[in-house]
Amino acid sequence: MMKKKSISSSKASLVLFLCQMISALDVPLDSKLLEELSQPPTITQQSPKDYIVDPRENIVIQCEAKGKPPPSFSWTRNGTHFDIDKDAQVTMKPNSGTLVINIMNGGKAEAYEGVYQCTARNERGAAISNNIVIRPSRSPLWTKEKLEPNQVREGDSLVLHCRPPVGLPPPIIFWMDNAFQRLPQSERVSQGLNGDLYFSNVQPEDTREDYICYARFNHTQTIQQKQPISVKVFSMDSLNDTIAANLSDTDIYGAKPVTERQPILLTPTGSTSTKVELRGNVLLLECIAAGLPTPVIRWIKEGGELPANRTFFENFKKTLKIIDVSEADSGNYKCIARNILGSAHHVISVTVKAAPYWITAPRNLVLSPGEDGTLICRANGNPKPNISWLANGVPIAIAPEDPSRKVDGDTIIFSHVQERSSAVYQCNASNEYGYLLANAFVNILAEPPRILTPANKLYQVIADSPALLDCAYFGSPKPEIEWFKGVKGSILRGNEYIFHDNGTLEIPVAQKDSAGTYTCVARNELGKIQNEVQLEVKDPTMIIKQPEYKVIQRYGQVSFECIIKHDSTLLPTVTWLKDNDELPDDERFLIGKDNLTIMNVTDKDDGTYTCIVNTTLDSVSASAVLTVVAAPPTPAIIYARPNPPFDLELTGQLERSVELSWIPGDENNSPITNFVIEYEDGLHEPGVWHYQTEVPGTQTTIQLKLSPYVNYSFRVIAVNEIGRSQPSEPSEQYLTKSANPDENPSNVQGIGSEPDNLVITWESLKGFQSNGPGLQYKVSWRQKDVDDEWTSVIVANVSKYIVSGTPTFVPYEIKVQALNDLGYAPEPSEVIGHSGEDLPMVAPGNVQVHVINSTLAKVHWDPVPLKTVRGHLQGYKVYYWKVQSLSRRSKRHVEKKILTFRGNKTFGMLPGLEPYSSYKLNVRVVNGKGEGPASPDKVFKTPEGVPSSPSFLKITNPTLNSLTLEWGLPTHPNGVLTSYILKFQPINNTHELGPLVEIRIPANESSLILKNLNYSTRYKFYFNAQTSVGSGSQITEEAVTIMDEAGILRPAVGAGKGYSETLFATSPVMHTVRPTFYKVQPLYPRIRNVTTAAAETYANISWEYEGPDHVNFYVEYGVAGSKEDWKKEIVNGSRSFFVLKGLTPGTAYKVRVGAEGLSGFRSSEDVFETGPAMASRQVDIATQGWFIGLMCAVALLILILLIVCFIRRNKGGKYPVKEKEDAHADPEIQPMKEDDGTFGEYRLFSFVSSAPF
């Protein structure tokens, strides 16, 4: 049983022409065959359906067709026959149906407006073109009108109407001023789709007299200009001045100030409107609003989403643009104009209709007599298109009848066709929005078999490989193919052969006995034909002795063998490679018939050597490795660099070459390995030597290639293993003739610096590369993938040229060609560049944030469409910032942080976040120009974390048995505080630590009094805050209770441990009571209650001080709000007042008091203001004698009181304990006396806390 399968087109000489049905014929595209076969006409080229022509040029209406015999052409105009012979202005091109209407020699384009249709006809049928509507373009002048100046109040809206003349096609509208500069547009001022200029609100800077609307008619390349429009904006200040000058006091005075207004829509009007657009077109919807502040426009689709990747916003989001619309884009689109006062909206109901479009267009059908077939014509549209059929250009209902044809809606069924059934059928699918017209022929052919493969074609294959023998054929009906071996052999069958549908015979494994003559026979009911081909089976090529691994000493000789066996009829070629690359260009490598020999081996010869044998039918290879080792030691020889060559001579001077010869110098016991030839260009770079080439050390002459227009000198340097010799003396000079440049500039690039330009740069040719005087460059460019001609300029010997007025970021083909006074360089290669980038148009969408932990989040986004990037995509930037701390609920401005993610990455990590905080972020796409619009802000929150340490821990008011602790909230709570943890333990003189006590304190407390401590004991405190997540870092502090100098209070048992343990069984470890304050020596000195009494030029400063005695004070002051350094005044003695003199009247001052020797210890700042300067002279009380005497007396009295208090304090320890017991039965009920300094005997370990205000 025969086995069939298809093969690739590279093995088949047949190409399918039609395959409408299984029974349809495949017609090979054989040129000789196609010339002989009859074929109905086919329209190959025609003008567009809507053809707008330039009225100044000849009208060319194209109609080209092919067929056998060649078709004849005729035309109709407006549905009736168009007799071109009767119109001297109309001609038809020879062997073509294309019409040329001569307008340039007196004809008028308007006279030839109409609907044209071409018919191509031969004996097999008639094909027709589309209806071609001819309309000349029009660019009428602007109608003259009297334009009144526009006077408008500041803040009001304004519309400047353009009303351009109606042209064909419609003009492009733009606004400019008298200087031909485009008027700037913004969210406030913009041009509508109808060409009008809209002002959402006018500002004084809008006043000008040259608002000019231009209409550009591209078809006729003309621009029409409207008369300038004047706008005068009255600001409120100027309007009030005008009113004040013209109205009396009894009139209403003053214009109303500029008032803010909520938005109203300038266009479209009303609350709703409708829009119909066709499938595949661009949908443009527009909303322009008035209002102050300027409204912002937002678009939504009711009941759905705006289509992704097809939606764009233009004109500052006032225009919604959806490309390639489909029926799914129908619906209600709402624009919302909003400012701080309110909003306005408009709903546009969009309906997408569709002109007819193909689902299945009819295809040509080739049948044999008696066969069946179908033509199918299916189209869709909205509304559903009507399908109608024509035969040879005539409606099928009135066309000549054909019994083999039956029309069934969108299908024509052919049954048992005959040769007379050949015809061209037209399918017309039409609705109210357009039509489609397609020609498809039915060609009935009755042809005897033909074999297209050349007779006696020779096929050669290697034994044991596949053999493919072709038998390309054609016939109608389709012939049957049979293969025979030999002229009278039997038919080939069996699994050892494969028979392909295109007639090819495949022998999967060809053997020697497969060689011979093969006969292909094709037959159908109209005849029979055969063809013979020859098959030769060759012996395979083999390497019978392969190269072997070699180890050779340096400077030795090695040989690799490669002996082959091949078919005697094939001519082999042997190639040697080193490390899979060509052999070095070195005379030491000698290639023989069966071997490769390397002389004077060096370390560089290490590697893998491969022998490759190729014939026209096969290829084989074999490899071996060479290892080079050091030579055995030799007696010490002194080696040195060679001496320089000498006696350089130039001979055989030609325009592009010269022969250089020299005599080598002494090699100094190290063989010369090579000579380096250098040259100097005395014309362009005198004194600079350049590398030219190098040759082996055994060569002393070389033919040098030269460049034109160079004044050459040469020198030679010898090289051996030790190094390079000194250069030889230069040769004589040789000046070559000028010529065209041989090469063009390199590194040609095209990169735009602005959105509307293209900067072309290149590396200029060197001086000697110019080949002659007058070096210039021809710079050429054209837009890629657009059918444009090259634009060229010739520039001087520079390296840059700027092309202006380009579209934004489009590819350009660029080439730069060198030329000089003698001509051009060869045609340069083209490079691709891009015009300037502009900012991206859209923001990334679908921004999502995944919070990983309290300090890390991951952000995802969808990439933007590449066509909206308008430049080279560099990456995405994520802007994120903290909005507020969730624990403090206070907002503050924080600088935005930016992370950049390179390339088309769509996610990134945000590190370093603050716990328990609210953040916002947005994403922007970045190109070479900058950033695109930001995505809508995305809000996310971080969870709680552990807090930082409390901001401070102060220990004050030490007594014999108590300490007061005050603290501040953590700088970063990182969540909701749940409590504070206080741990403390005593420290003895040897710095040993006692037992550790832990206390949990409510989160709303800010101070604590620890009681029942041991006197004269140092304690160490550890303090930290907690959230629900855990404990934060701790702050530590140390403090000492006051010593009991009288020795009255004895430590209880265990007092050496730093605290009393005797009452722990009956007293609580801690309890809360009302604060009790004691006048005791503070642990930290402080200055408080700084007060000032200011006069015109001086101020009395006083303060209160608590701390060690004998402290020297100083006063610092300066002008409030100034950044100048503080001025410092020293206070004599330990007084607690000071007079600042020499102050400026009516000036605010800042002041603070500090203590010398206490590093960083100062009071808080106070602010005061001196009195205003008085007109009359005032007496300075501070300079009066009686006042000075009084102050001295007061100071003396205070000093005496301080001495007395100090003496009584020192005597306080001599009072008996029993008296103190009677006086203070319960220290929790009765407070201590402030004047005796004694303490109660009962010692409770307690604390008093107070919540912060």
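Procedures and definitions
- Residues numbered from 1 in each chain as written.
- Predicted model: local features only at pLDDT ≥ 70, side-chain atom pairs only at ≥ 80, totals over all residues.
- Heavy atoms only, no water.
- Helix = DSSP H or I, 4+ residues; strand = E, 2+ residues; numbered from the N terminus.
- Buried < 20%, exposed > 50% of the residue type's maximum accessible area, 1.4 Å probe, protein only.
- Contact = heavy atoms within 4.5 Å.
- Areas by Shrake-Rupley, 256 points an atom, 1.4 Å probe, with all protein chains shown as cover.
- Polar contact = N/O pair within 3.5 Å; in protein donor to acceptor, adjacent residues only side chain to side chain.
- Disulfide = S-S within 2.5 Å.
- Core = buried A, V, L, I, M, F, W, Y, C linked by side-chain atoms within 4.5 Å.
- Pairing = 2+ DSSP bridges.
- Axes fitted to C-alpha atoms, helices over the stretch in contact; angles between N-to-C directions.
- Salt bridge = Lys/Arg side-chain N within 4 Å of Asp/Glu carboxyl O.
- 1 Å grid on protein atoms, 1.4 Å probe; cavity = no way out; pocket = protein on both sides within 12 Å on 5 of 7 lines; lining within 4 Å.
- Points joined across faces, edges and corners; volume = space filled by probe spheres on them.
- Nonpolar A, V, L, I, M, F, W, Y, C, P; charged D, E, K, R; others polar.
- Patch = residues over 30% accessible without salt bridge, like charges linked within 9 Å, V, L, I, M, F, W, Y side chains within 5 Å.
- Lys, Arg positive; Asp, Glu negative; His and termini not counted.
- Charge placed at Lys NZ, Arg CZ, Asp CG, Glu CD.
- Phe/Tyr/Trp six-rings, centres within 6.5 Å; stacked < 30°, edge-to-face > 60°.
- Lys NZ or Arg CZ within 6 Å of the ring centre and 35° of its normal.
- pLDDT = per-residue confidence, 0-100.

**Q** Even after reading the chapter, I still don't get the overall build of the protein, so can you show me in this structure?
**A** Counting its secondary structure elements, the protein contains five helices and 93 strands. Expressed as a percentage of the 1253 residues in the protein, the buried residues total 41%. Counted over contacts in the protein with a minimum sequence separation of 6, partners at least 24 positions apart contribute 65%. For the protein, the exposed area adds up to about 67,200 Å²; of that, 51% sits on carbon and sulfur atoms.

**Q** Quick question: what am I supposed to make of the side chain of Asn 524 here?
**A** By the element assignment, Asn 524 lies in strand 45 (residues 516–524). Among the polar contacts listed, one links the side chain of Asn 524 to the backbone oxygen of Pro 477, at a separation of 2.8 Å.

**Q** Looking at this structure, I do not really get the state of the cysteines. What am I missing?
**A** In a disulfide, the sulfur atoms of two cysteines are covalently bonded to one another. Applying the stated criterion to the full structure yields six disulfides. Disulfide pairing places Cys 471 opposite Cys 520 at an S-S distance of 1.8 Å. Taking the sign of the torsion about the S-S bond as the criterion, the disulfide between Cys 471 and Cys 520, at about -60°, is left-handed. Placement of Cys 471 in the loop between strand 40 (467–469) and strand 41 (473–476) and of Cys 520 in strand 45 is noted, with a sequence separation of 49 residues between them. Each member of the pair, Cys 471 as well as Cys 520, carries the same accessibility label: buried. A sulfur-sulfur separation of 1.9 Å characterises the disulfide bridge that pairs Cys 562 with Cys 611. Handedness of the Cys 562-Cys 611 disulfide follows from its S-S torsion of about -65°: it is left-handed. Taken together, the residues Cys 562 in the loop between strand 49 (558–561) and strand 50 (563–565) and Cys 611 in strand 55 (residues 607–614) connect sequence positions 49 residues apart. Note on Cys 562: relative accessible area 2%, which makes it buried. You can call Cys 611 buried: its relative accessible area is 0%. Numbered by order of appearance in the sequence, the disulfide-linked cysteines of the protein pair as 1-2, 3-4, 5-6, 7-8, 9-10, 11-12.

**Q** What exactly am I supposed to notice about the nonpolar core here?
**A** As a rule of thumb, nonpolar side chains are buried together in soluble globular proteins. The biggest cluster of nonpolar side chains holds 29 residues, and the ones touching the most others in it are Ile 59, Ile 61, Trp 75, Ile 101 and Tyr 116. At the level of elements, strand 3 (59–61), strand 4 (63–68), strand 5 (72–77), strand 8 (99–101), strand 9 (114–122) and strand 11 (132–136) are the ones that each hand at least two residues to this core. Looking at this core element by element, the count peaks at three residues for strand 9. Listed in part, the 21 residues of the second largest apolar core include Leu 977, Leu 1013, Phe 1021 and Ile 1035.

**Q** How should I be thinking about the sheet that holds strand 49 in this particular structure?
**A** Strands pair in a sheet through their backbones, by hydrogen bonds, and they do so in one of two ways: parallel or antiparallel. Taken together, the three strands give an open sheet; going across it, the order is 49-54-53, and neighbouring strands pair in antiparallel fashion. The open sheet has two edge strands, strand 49 and strand 53 (589–591), and neither has a second partner. Taking the axes of each pair of neighbouring strands and ignoring which way they run, one obtains an average angle of 15° across the sheet. Inspection of the sheet shows strand 53 paired to strand 54 (residues 595–598) by three bridges, in the antiparallel sense. Its bridge partner lying in strand 54, Ile 591 is registered against Leu 596.

**Q** What's the story with the pattern of salt bridges in this structure? I'm lost.
**A** Two side chains that carry opposite charge are able to pair once their charged atoms sit near each other. Inspection of every chain in the model, using the stated rule, returns 39 salt bridges. Here Arg 1018 ties to Glu 1038 by a salt bridge, and the two come within 3.2 Å at their closest N and O atoms. Taken as a pair, Arg 1018 in strand 84 (residues 1018–1026) and Glu 1038 in strand 85 (residues 1035–1040) lie far apart in primary sequence, 20 residues in all. A relative accessible area of 31% places Glu 1038 in the partly exposed class. Through salt bridges with shared partners, a single ionic network connects Arg 153, Asp 156 and Arg 261.

**Q** Could you clarify how one ought to interpret the layout of surface pockets in this entry?
**A** Where empty space is left becomes clear once a probe the size of a water molecule has been rolled over the atoms. Taken as a whole, the second largest pocket encloses approximately 1,300 Å³ of empty space. Around the second largest pocket, the lining is made up of 39 residues, and of these Phe 313, Lys 317, Val 842, Ala 843 and Pro 936 lie nearest the centre. Contributing elements (two or more residues each) for the lining of the second largest pocket: strand 24 (296–301), strand 25 (311–314) and strand 72 (845–853). Ranked by residues supplied to the lining of the second largest pocket, first place goes to strand 24 with six residues. By residue class, the composition of the lining of the second largest pocket is 23 nonpolar, seven polar and nine charged.

**Q** Help me out: how do you make sense of a nonpolar patch on the surface in this one?
**A** Where nonpolar side chains cluster on the molecular surface, the patch consists of Leu 1196, Leu 1199, Ile 1200, Ile 1203, Val 1204, Phe 1206 and Ile 1207 and spans about 640 Å² of accessible area. Assessed through its relative accessible area of 47%, Leu 1199 is described here as partly exposed.

**Q** Looking at this model, I keep getting lost on the sheet that holds strand 15 (residues 189–191). Mind explaining?
**A** Within the open sheet, the three strands sit side by side as 13-16-15. Their pairing is antiparallel. At either margin of the open sheet sits one strand with a lone partner, and together these are strand 13 (158–160) and strand 15. In this sheet, neighbouring strand axes are inclined to one another by 15° on average, regardless of whether the strands run parallel or antiparallel. Where strand 15 meets strand 16 (residues 197–199), three bridges bridge the pair, whose relative direction is antiparallel.

**Q** Explanation requested: a negative patch on the surface in the structure shown.
**A** A surface patch of negative charge is lined by Asp 647, Glu 649, Glu 659 and Glu 732. Classification of Glu 732 by relative accessible area gives partly exposed; the value is 48%.

**Q** When you look at unusual backbone geometry in this model, what are you seeing that I'm missing?
**A** Across residues other than glycine, the phi torsion is negative in most instances, and most of the peptide bonds are trans. For the bond running from Asn 382 to Pro 383, omega is 5°, close enough to zero to count as cis. By the element assignment, Pro 383 lies in the loop between strand 31 (378–382) and strand 32 (386–391). For the bond from Ser 476 to Pro 477, the omega torsion is 5°, close enough to zero to count as cis. Within the secondary structure, Pro 477 sits in the loop between strand 41 and strand 42 (480–485). The residue Tyr 555 is not glycine, and still its phi comes out positive at about 75°. Residue position: Tyr 555 is located in the loop between strand 48 (550–553) and strand 49. Owing to a relative accessible area of 47%, Tyr 555 belongs among the partly exposed residues under this scheme.

**Q** Looking at this structure, I do not really get the environment of Arg 1162. What am I missing?
**A** Positionally, Arg 1162 belongs in the loop between strand 91 (1148–1155) and strand 92 (1166–1169). Residues Arg 1162 and Arg 1152 lie ten residues apart in sequence; the distance between their C-alpha atoms is 7.0 Å. Setting aside its immediate chain neighbours within four residues, Arg 1162 contacts Tyr 1114, Glu 1116, Arg 1152, Val 1153 and Gly 1154.

**Q** Can you walk me through the packing of aromatic side chains in this structure?
**A** Working definition: an aromatic ring pair is given by the centre-to-centre distance plus the angle between the planes. As enumerated under the stated definition, the model contains 24 aromatic pairs in all. Look at Phe 199 and Tyr 211: their rings are 5.8 Å apart centre to centre, the planes differ by 80°, and that puts the pair in the edge-to-face class. Taken as a pair, Phe 199 in strand 16 and Tyr 211 in strand 17 (residues 208–217) lie far apart in primary sequence, twelve residues in all. When sorted by exposure, Phe 199 lands in the same class as Tyr 211, which is buried. Pairwise contacts between aromatic rings join Phe 174, Phe 180 and Tyr 214 into one cluster. The positively charged end of Arg 208 is found above the aromatic ring belonging to Tyr 211, 5.8 Å away from the centroid. The ring of Trp 881 has Lys 896 sitting right over it, with the charged end atom 4.2 Å from the ring centre.

**Q** Please explain the confidence of the model for the protein as it appears in this structure.
**A** Caution applies to low-pLDDT regions: their predicted coordinates should not be interpreted in detail. Per-residue confidence for the protein gives a mean pLDDT of 84, with 86% of residues at or over 70. Scored below 50 in pLDDT, residues 248–254 makes five contacts in the model with residues more than four places away or belonging to other chains.

**Q** What is the right way to read the side chain of Asn 771 from this model?
**A** The topology assignment puts Asn 771 in the loop between strand 65 (757–763) and strand 66 (776–783). The exposure class assigned to Asn 771 is buried, which follows from its relative accessible area of 2%. Within the structure, the side chain of Asn 771 is placed 3.0 Å from the side chain of Asp 742, a separation counted as a polar contact. What Asn 771 contacts, discounting residues up to four positions off in sequence, is Arg 656, Ser 707, Pro 708, Tyr 709, Ser 738, Ala 739, Asn 740, Pro 741, Asp 742 and Asn 820.

**Q** Any chance you could explain the environment of Glu 837 here in plain terms?
**A** Within the secondary structure, Glu 837 is located in the loop between strand 71 (831–834) and strand 72. With 90 residues separating them in the primary sequence, Glu 837 and Asn 927 have C-alpha atoms 7.7 Å apart. The residues contacting Glu 837, other than those within four sequence positions of it, are Glu 754, Pro 755, Thr 808, Phe 809, Arg 870, Gly 871, His 872, Asn 927, Gly 928 and Lys 929. Looking at Glu 837, its side chain comes within polar contact range of the main-chain nitrogen of His 872, at 2.6 Å. Reaching out from Glu 837, the side chain makes a polar contact with the backbone nitrogen of Gly 928 at a distance of 3.0 Å.

**Q** Would you explain the environment of Ser 670 in this entry?
**A** Within the fold, Ser 670 resides in the loop between strand 58 (657–663) and strand 59 (674–681). We classify Ser 670 as buried; its relative accessible area is 3%. Note: C-alpha distance between Ser 670 and Ile 638 (32 residues apart in sequence) is 9.1 Å. Excluding residues within four positions of it along the chain, Ser 670 makes contact with Tyr 639, Ala 640, Asn 720, Glu 721 and Ile 722.

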